[in-house]
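Below, each chain spelled out in residue letters.
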Amino acid sequence: MPPIRFRSAPDPEAPSLTLPPGELLARRLELLGILAVPGLKGLVLHGNRSVMLSYGASGVLRIHEGYAEAPDYVLEAVVRFLLPGIPRPMRKVAETTFLAFPVEHRAAPRRRPERPQPGDLESLHRLGELHSRLNAEYFGNALRPIAFRLSGRMRSRLGELAVDVKSGRPSEIALSRRHVRRHGWAEVSHTVLHEMVHQWQAENGHPVDHGAGFRRKAREVGIAPSAKRHLGRAEKKAG
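Calculation criteria
Residues numbered from 1 in each chain as written. Predicted model: local features only at pLDDT ≥ 70, side-chain atom pairs only at ≥ 80, totals over all residues. Heavy atoms only, no water. Pairing = 2+ DSSP bridges. Helix = DSSP H or I, 4+ residues; strand = E, 2+ residues; numbered from the N terminus. Axes fitted to C-alpha atoms, helices over the stretch in contact; angles between N-to-C directions. Contact = heavy atoms within 4.5 Å. Phe/Tyr/Trp six-rings, centres within 6.5 Å; stacked < 30°, edge-to-face > 60°. Buried < 20%, exposed > 50% of the residue type's maximum accessible area, 1.4 Å probe, protein only.

**Topic: the sheet that holds strand S1 (residues 42–46)**
Reading across the sheet, the three strands line up as S1-S3-S2 and stay open at both edges, with mixed pairing between neighbours. Lying at the two open borders of the sheet, with one neighbouring strand each, are S1 and strand S2 (53–55). Each strand of the sheet is rotated relative to its neighbour by a mean of 15 degrees, with strand direction disregarded. Its contacts with the sheet put helix H1 (residues 21–31) on S1 and strand S3 (60–64), and the angle it makes with S1 is roughly 130 degrees.

**Here we look at the packing of aromatic side chains**
For the structure shown, the criterion picks out three aromatic pairs. Arranged with centres 5.2 Å apart and planes meeting at 75 degrees, the rings of Phe 81 and Phe 98 form a pair that is edge-to-face. A residue pair is termed long-range when its members are at least 10 positions apart, and Phe 81 in helix H2 (residues 72–82) and Phe 98 in helix H3 (residues 88–99) qualify at 17 residues. The class of Phe 81 is buried, set by a relative accessible area of 9%. Taken together, the ring pairs connect Tyr 67, Phe 81, Phe 98 and Phe 101 into an aromatic cluster.

**Focus: the pairing of strand S6 (residues 170–176)**
The buried count for S6 comes to five of seven residues, which makes it a mostly enclosed element. Pairing of strand S4 (residues 147–151) with S6 involves five bridges; the strand directions are parallel. Counterpart to Ala 147 in the pairing with S6 is Glu 172. Taken together, the five bridges between strand S5 (residues 157–163) and S6 define a ladder with antiparallel strand orientation. When the bridges of S6 are listed, Val 163 appears paired with Pro 170.

Here you go:
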């Protein structure tokens, strides 16, 4: 869906609960001070329950649709988390606050799991070995072992990291099955390393995003901060 543009509030009254979820959430965040976030251009709702919100150089805040039903103190924590200059301990408290809100109860029903396809087991085994090698080479074996999943549903990403909502720990790396099968293991290795930088962020208590910290670590391990590939009808990118 296209970004929902933030609009100025004409009066201090609370927004109507009859508004569509995106407009309701944008209006409430605006009243709570979200416009103080530098560079903010818009808001996009999503239903991905592994990453509750993300905000990067594009200026678009991607946030779970379930937060439209969150109380003000939770949305205040979102605003506090995004504001620059907030001390790290306060930012961590804010993150803990909004992650504790049970968005899973507001989410749409999950789709039926995909059926494994021939060749998946071999690819998953090879991905596990690749993770172990890259972990030793670039992270000093500091990262935990992690499960991999192949997806035929991924339409806009080469890969993405899933993070447990409650614990904040990485739970799996999902990769586009088409990407794994078509583009060779050199490119797949680049995508896996991209997601491992996100894994490093999560395991070290950093925001899982594409901000300055991500870009520094990406350059440190020798990958481009934005991994993109033209696949079929649309440009794909690593999450």
